[in-house]
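Residue-level listing of the chains:
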Amino acid sequence: MTIPELKNFTSFLIKEGNAVYGPVERDGRFLAQKIGDPQELVLNGQLTYYSWRKFFLPATETLFNIHREVFKKIKVGKPQVLIGLTVLDLRALDLYNQVFANDAYYQERKRQTIVIGQSLAPADQREFAAFQDSFRENVLEHFEFDIFFEKAGTSFKVYTGSEDGQRLLEKFGYRDYAHVKYAGPIQEEGLDREMVEIKKKMESGYNAALWSELGKICLACGKCSLVCPTCYCFNIEDQAKLKSGEMRRKREWTTCFFPDFSRIAGDHRFLSDSEKRIYYWYEHKFIRDPARYHVPGCVRCGRCVKACPVGIDIMKNIRRIKEGE
Amino acid sequence: MINNYDPKPVKIISVRDEAPRVKSFVLQFSDPQDQKNFYFHPGQFVMFSIAGFGEAPVGIASSSFKTDTFEIGVRAVGRLTTELHKKKAGDLIGIRGPLGKGSFPAKLLKNRNLLMIAGGIGIVPLRAVVLDAIARPENFKEIQLFYGARSENELLYKPELGEWRKKIKVALTVDKHCGQKCPVVCDEGLITSLVDGKKLVSDPVVFIVGPPVMCKFVIEALHRHKVKDEDIYISLERHMQCGVGECHHCGIGPKLVCDEGPVFRYAEIKGIKGAV
């Protein structure tokens, strides 16, 4: 598919009545925003500053409207087309699909979402220091997507990953695609070896010095969580609209860096300082996600490195964990 | 698709004062089918909810053989629990559960003696085990309960303790005697002094529920009795929002307390940083 054809395809998606979101450039950053004019869409393989999480797990969403103690589930979301997720973002989606496999809200939203991926820009041209970038054979069959654009010179090679994706392309009048059959999130050769290695190293507790060092510099501001494509922790809270007597139960993003995250009755906090909180963040990604969902809890996009105000570099820290100091 | 977040309405059948700021609530699902489906193992928990105030995890205090109602015990410490304490018989609240795959291993107790160690409000889920043992003694061998509270005033289930003492060995301790004449006999001192000072039932399986700092010292005391880590089961308390393995507030190493717990075999979690 040529670039003009891609613009036409985007126009087609918008004309079909879809809410289309994709990377646009704003003040030197790429942000996933609603596309009004297809000329705005930039599919250059760069990562968006924020992850795509909000399209699957909104920063705040209503679970129930409550009226006279009766909980009424709200209808979730609207149909949306997301265009421009990189392979790293698709890998993060693999994790979300596992974590929220039984979540009615997530699944309903997922059903209404068309995911269109793109390959990552080559490492030397990327703004982010993502260090796992190989676009290997077979990699696509482990991601759930509808359409994927692989950069090939000045145009794109087109893959479909679902019938929905095929239908859209056919309707647009484009047939030169290859279909990739989804083979589950785990590679044929078994669990991701680096994931297993890091988990083992962290569980044997070799890196006490690293955590105390990070504890001293981390501000516990939570910016890394905000941009991270694999962070998904949330709170559930009730909100009363006093006048009408109506209430809502909502869930909203939170992060383990916030003081109340681990607070229990009696004001005891299990994560009482920055050292414990940043360890918990790494533990979640490198021990718990692999143990529970068998896919890595970090996709190496490097968004957190860019966001961190004190320059904590997850790539360096992973290297130190692996060296087992 | 089942919505895991949907609280089912339950009716408060009765409310009992147990201690200052602690009440027991006997509950029954409004829909008889929900009540019929509510089958739990002691150690599991429920999320109770009041519209406009939120949700929190609490232990189930009644016998698992009692199927027409169930009971929770709640200390009023925050906005939600204080609101619950205002509720009266006939009021409705919401319940999700039972939750947690990790419960007390009842099957073991047919062939093994049992020692239960409860601190403070930790007696709530262990009461379910005690009542099960009283209801079906043929499923159990020798049973011993060590229960500690701040003072006699703070001991829960006082009217029942006499009855329990007839069926199982009970030793009570308080941090400090309240000074008044009390209907129950108890020692003064930390719960570890009961573990150190009393003769334990032989080769016991041990269930522990209590505040984090108590658990640590109790396990050390059990080690002095040569109790093996494989025989210790501990219920962990953590902050929870979802109760269904998604929000990750309750993580310990590779596990989530709400999903794989709240009761864990100590041998399986002792190596996890910050677990106990």
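To keep things clear, this report deals only with the structure shown in the data block. (Residues numbered from 1 in each chain as written. Chains lettered and ligands numbered in written order. Predicted model: local features only at pLDDT ≥ 70, side-chain atom pairs only at ≥ 80, totals over all residues. Heavy atoms only, no water.)

### A look at helix H2 (residues 87-99) of chain A
Part 1 of the argument: For H2(A), which comprises 13 residues, the first-to-last C-alpha distance of 19 Å matches the rise-based estimate of 18 Å (1.5 Å per residue) to within 8%.
Part 2 of the argument: Most of H2(A) sits out of view: 12 of its 13 residues are buried. (Helix = DSSP H or I, 4+ residues; strand = E, 2+ residues; numbered from the N terminus. Expected span 1.5 Å × (residues − 1). Buried < 20%, exposed > 50% of the residue type's maximum accessible area, 1.4 Å probe, protein only.)

### Observations concerning the pairing of strand E11 (residues 246-253) of chain A
For a regular strand, side-chain orientation follows a simple rule: the groups alternate between the two sheet faces.
Residue and element names in this part refer to chain A.
Part 1 of the argument: Both strand E3 (residues 60-67) and E11 contribute to a ladder of 6 bridges, which runs antiparallel. The residue of E11 that forms the bridge with Ile66 is Met247.
Part 2 of the argument: Looking at chain direction, strand E10 (residues 234-241) and E11 are connected through 8 bridges and run antiparallel. Bridge pairing in E11 links Asp238 to Arg249. (Pairing = 2+ DSSP bridges.)

### Quick word on helix H4 (residues 158-167) of chain B
Residue and element names in this part refer to chain B.
Part 1 of the argument: Among all positions in H4, only Glu160, Leu161 and Trp164 are buried. The arc enclosing the buried residues of H4, seen along the axis, measures out at 115°, which places them on a common side. Seen from the buried face of H4, the exposed residues on the opposite side, beyond 90 degrees, are Pro159 and Lys166. (Arc of directions from axis to C-beta.)

### A word on the environment of Gly210(B)
Residue and element names in this part refer to chain B.
Part 1 of the argument: Looking at the secondary structure, you find Gly210 in the loop between strand E11 (205-209) and helix H6 (212-224).
Part 2 of the argument: Sequence separation between Gly210 and Leu236 is 26 residues, and the spatial gap between their C-alpha atoms is 8.2 Å.
Part 3 of the argument: When residues no more than four places from it in sequence are discounted, the contact partners of Gly210 are Gly119 and Cys215. (Contact = heavy atoms within 4.5 Å.)

### Considerations on the nonpolar core
Part 1 of the argument: In terms of nonpolar packing, the biggest core is built from 82 residues, with Phe145(A), Ile117(B), Phe146(B), Ile208(B), Leu222(B) and Ile269(B) touching the most fellow members.
Part 2 of the argument: At 8 residues, H2(A) tops the list of elements feeding residues into this core.
Part 3 of the argument: Here Leu222(B) is in contact with Leu115(B), Ile117(B), Val195(B), Leu200(B), Val206(B), Ile208(B), Val227(B) and Ile232(B), once residues within four sequence places are set aside.
Part 4 of the argument: Core analysis: the second largest hydrophobic core is formed by 35 residues, Ala19(B), Tyr147(B), Trp164(B) and Val209(B) among them. (Core = buried A, V, L, I, M, F, W, Y, C linked by side-chain atoms within 4.5 Å.)

### Considerations on empty space enclosed by the protein
Rolled over the atoms, a probe with the dimensions of a water molecule shows which regions are left empty.
Residue and element names in this part refer to chain A.
Part 1 of the argument: With the rule as written, the count across this model stands at 11 cavities of 30 Å³ or more.
Part 2 of the argument: Within this model, the largest cavity holds a volume of roughly 170 Å³.
Part 3 of the argument: The wall of the largest cavity is formed by 19 residues, among which Cys224, Phe257, Ile278, Cys308 and Ile312 lie closest to the centre.
Part 4 of the argument: Every element with two or more residues in the lining of the largest cavity is listed here: helix H7 (223-227), helix H8 (274-293) and helix H9 (303-307).
Part 5 of the argument: It is H8 that contributes the most residues to the lining of the largest cavity, 3 residues altogether.
Part 6 of the argument: Each residue belonging to the lining of the largest cavity can be placed in one class, and the counts come to 16 nonpolar, 1 polar and 2 charged.
Part 7 of the argument: Taken as a whole, the second largest cavity spans an internal volume of roughly 90 Å³.
Part 8 of the argument: Cys228, Pro229, Cys298, Cys301 and Cys304 are, among the 14 residues lining the second largest cavity, the residues nearest its centre. (1 Å grid on protein atoms, 1.4 Å probe; cavity = no way out; pocket = protein on both sides within 12 Å on 5 of 7 lines; lining within 4 Å. Points joined across faces, edges and corners; volume = space filled by probe spheres on them. Nonpolar A, V, L, I, M, F, W, Y, C, P; charged D, E, K, R; others polar.)

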